[in-house]
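Structural characterization, general
What follows is the residue order along each chain.
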Amino acid sequence: MTEPTVVLRNVSKVYRQNAVAVQALTEINLDVPKKDFACLSGPSGSGKSTLLNLIGGLDRPTSGEITVDGKRVDLLGKSELAALRLHRIGFVFQAYNLIPVLTAIENVEFVMQLQGVAAAERAAKARAILKEVGLDGLEHRRPGELSGGQQQRVAVARAIVSEPSLVLADEPTANLDSKTAGNLIQLLQHMNQEHGVTFIFSTHDKLVMDFSRRLITLRDGRVVDDVRRE
Ligand code: ADP
Ligand code: MG
């Protein structure tokens with residue numbers, strides 16, 4: 001069997017603020033195999049964002065072990081973490097997080113520029129992926145000139161253009177109407193199948209949950225359910 005992309009062992013996270021401790025996650029154990037399309041669900045405050053941030057190395061666990069692509073994320077130094085995030089992990093956020101002064105194609109190229117990809121290859125890859133997400137002809141628009149659904153498609157293109165092994169998406173459909181949300185999830189599914197990328201995304205939208213092959217439910221920082229449907 002191939003090594004899982006993501007492994008969590010007894011992961012806990014406590015936030016401390018002005019002597020107040022918030023137990024956000026308690027003893028999480030999770031295996032996410034390669035090419036999985038896993039949905040994290042649970043009410044607001046159940047720990048979805050915290051879990052995604054820990055997996056993506058944006059924050060550190062208070063205790064426990066997190067392995068991504070065979071690397072212990074919880075033990076990596078700052079620069080190693082930055083390199084892992086740049087080359088192995090794609091992020092999609094609720095608020096799109098595109099760079100407003102850059103066009104769609106420039107936003108997609110930006111990450112490749114940081115990765116040191118040559119200009120001609122960058123442009124070709126960015127054009128191809130924007131076409132794949134259905135934005136043919138809109139490459140030169142800035143985020144402000146695109147709808148929410150279109151902006152999120154740019155964000156998906158940006159996250160996936162370098163074929164990372166893992167894409168993390170925190171409530172990627174939260175700001176979209178239900179039809180646009182459904183289309184976006186279908187796009188993520190297409191990317192998952194065509195590019196063989198592992199996806200972990202969070203939502204509290206029932207429609208989005210119905211699309212996922214694996215539904216992990218969090219409550220008060222614990223995994224209370226983990227079901228797989230094929
Ligand atoms: P969800 O994404 O499911 O809404 P979060 O991971 O954002 O849940 O939050 C889990 C818990 O941790 C909540 O009780 C929240 O208030 C708390 N929390 C999240 N981030 C912080 C932070 N930076 N400082 C203190 N508490 C936090
Ligand atoms: Mg959240």
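Above this text sits the structure in question.
Here we summarise the structure given alongside this text.

Criteria and thresholds
- Residues numbered from 1 in each chain as written.
- Chains lettered and ligands numbered in written order.
- Predicted model: local features only at pLDDT ≥ 70, side-chain atom pairs only at ≥ 80, totals over all residues.
- Heavy atoms only, no water.
- Axes fitted to C-alpha atoms, helices over the stretch in contact; angles between N-to-C directions.
- Helix = DSSP H or I, 4+ residues; strand = E, 2+ residues; numbered from the N terminus.
- Parallel < 35°, antiparallel > 145°, perpendicular 65-115°, else oblique.
- Left-handed = near helix turned anticlockwise from the far one by under 90°.
- Contact = heavy atoms within 4.5 Å.
- Nonpolar A, V, L, I, M, F, W, Y, C, P; charged D, E, K, R; others polar.
- Phe/Tyr/Trp six-rings, centres within 6.5 Å; stacked < 30°, edge-to-face > 60°.
- Buried < 20%, exposed > 50% of the residue type's maximum accessible area, 1.4 Å probe, protein only.
- Polar contact = N/O pair within 3.5 Å; in protein donor to acceptor, adjacent residues only side chain to side chain.
- Pairing = 2+ DSSP bridges.
- 1 Å grid on protein atoms, 1.4 Å probe; cavity = no way out; pocket = protein on both sides within 12 Å on 5 of 7 lines; lining within 4 Å.
- Points joined across faces, edges and corners; volume = space filled by probe spheres on them.
- Near = heavy atom within 4 Å.
- Areas by Shrake-Rupley, 256 points an atom, 1.4 Å probe, with all protein chains shown as cover.

Once that is clear, we can look at the packing of helix H3 (residues 104-114) against helix H5 (residues 148-160). Axis separation between H3 and H5 bottoms out at 8 Å; the angle between their running directions is 25°. With respect to each other, H3 and H5 are oriented roughly parallel. Between H3 and H5 lies a crossing whose hand is right-handed. From H3, Ala-104, Asn-107, Val-108 and Val-111 reach across to H5, where they touch Val-154, Ala-157 and Arg-158. For the contact of H3 with H5, the residue count by class is five nonpolar, one polar and one charged.

The tally for this structure, following the rule as stated, stands at three aromatic pairs. Residues Phe-37 and Phe-201 carry aromatic rings whose centres are separated by 5.0 Å and whose planes lie at 50° to one another, so their mutual orientation is tilted. Of this pair, Phe-37 sits in strand S3 (residues 37-41) while Phe-201 is found in strand S8 (residues 198-202), placing the two residues 164 residues apart along the sequence. Judged by its relative accessible area of 0%, Phe-201 falls in the buried class. An aromatic cluster is built from Phe-37, Phe-199 and Phe-201, whose rings are joined through pairwise contacts.

Here Thr-5 lies in the segment before strand S1 (6-17). At a separation of 3.2 Å, a polar atom in the side chain of Thr-5 contacts the side chain of Thr-198. Not counting residues within four places of it along the chain, the set of residues in contact with Thr-5 comprises Val-32, Pro-33, Lys-34, Thr-67, Val-68, Asp-69, Ser-165, Leu-166 and Thr-198.

Moving on: unusual backbone geometry. One can expect most non-glycine residues to show negative phi and most peptide bonds to be in trans. Here the phi dihedral of Ala-19 falls at roughly 65°; this positive angle occurs in a residue that is not glycine. Among the secondary structure elements, Ala-19 is positioned in the loop between S1 and strand S2 (20-32). Classification of Ala-19 by relative accessible area gives exposed; the value is 87%. Phi at Asn-97 takes a positive value of approximately 55°, unusual for a residue other than glycine.

Before going further, it helps to examine the sheet that holds S3. Strand order in the open sheet made by the six strands is S6-S7-S8-S3-S9-S10, with mixed pairing throughout. Of all strands in the sheet, those with a lone pairing partner are strand S6 (89-92) and strand S10 (222-228), marking the two edges. Strand-to-strand, the axes of this sheet are offset by a mean angle of 15°, without reference to chain direction. One ladder, built from four bridges, connects S6 with strand S7 (residues 166-170); its direction is parallel. Among the inter-strand pairings, Ile-89 is bridged to a residue of S7, identified as Leu-166. Across the face of the sheet, helix H2 (residues 78-88) comes into contact with S6 and S7 while running at roughly 75° to S6. Packed onto the sheet, helix H6 (residues 178-195) meets S3 and S8 and runs at close to 160° relative to S8.

With that settled, consider the layout of surface pockets. Considered as a void within the structure, the largest pocket measures approximately 320 Å³ in volume. Taken together, 19 residues line the largest pocket, and the ones lying closest to its centre are Ile-89, Gly-90, Phe-91, Val-111 and Arg-158. Of all the secondary structure elements, the ones that give two or more residues to the lining of the largest pocket are H2, S6, H3 and H5. Counting residues per element, the lining of the largest pocket draws most heavily on H2, at four residues. In the lining of the largest pocket, the residues fall into 11 nonpolar, five polar and three charged.

It is worth spelling out the site of ligand 1 at this point. What surrounds ligand 1 is the set Tyr-15, Gln-17, Val-22, Ala-24, Pro-43, Ser-44, Gly-45, Ser-46, Gly-47, Lys-48, Ser-49 and Thr-50. Contact between ligand 1 and Gly-45: an oxygen atom at 2.7 Å from a main-chain N or O atom of the residue. Gly-47 is positioned with one of its backbone polar atoms (N or O) 3.1 Å from an oxygen atom of ligand 1. Contact with the protein chains hides 66% of the accessible area of ligand 1, taken as 560 Å² for the molecule alone. Of all the secondary-structure elements, those providing two or more residues to the shell around ligand 1 are S1, S2 and helix H1 (48-55). It is H1 that contributes the most residues to the shell around ligand 1, three residues altogether. Here the residues of the shell around ligand 1 are counted per class, giving four nonpolar, seven polar and one charged.

These figures capture arrangement, not role.
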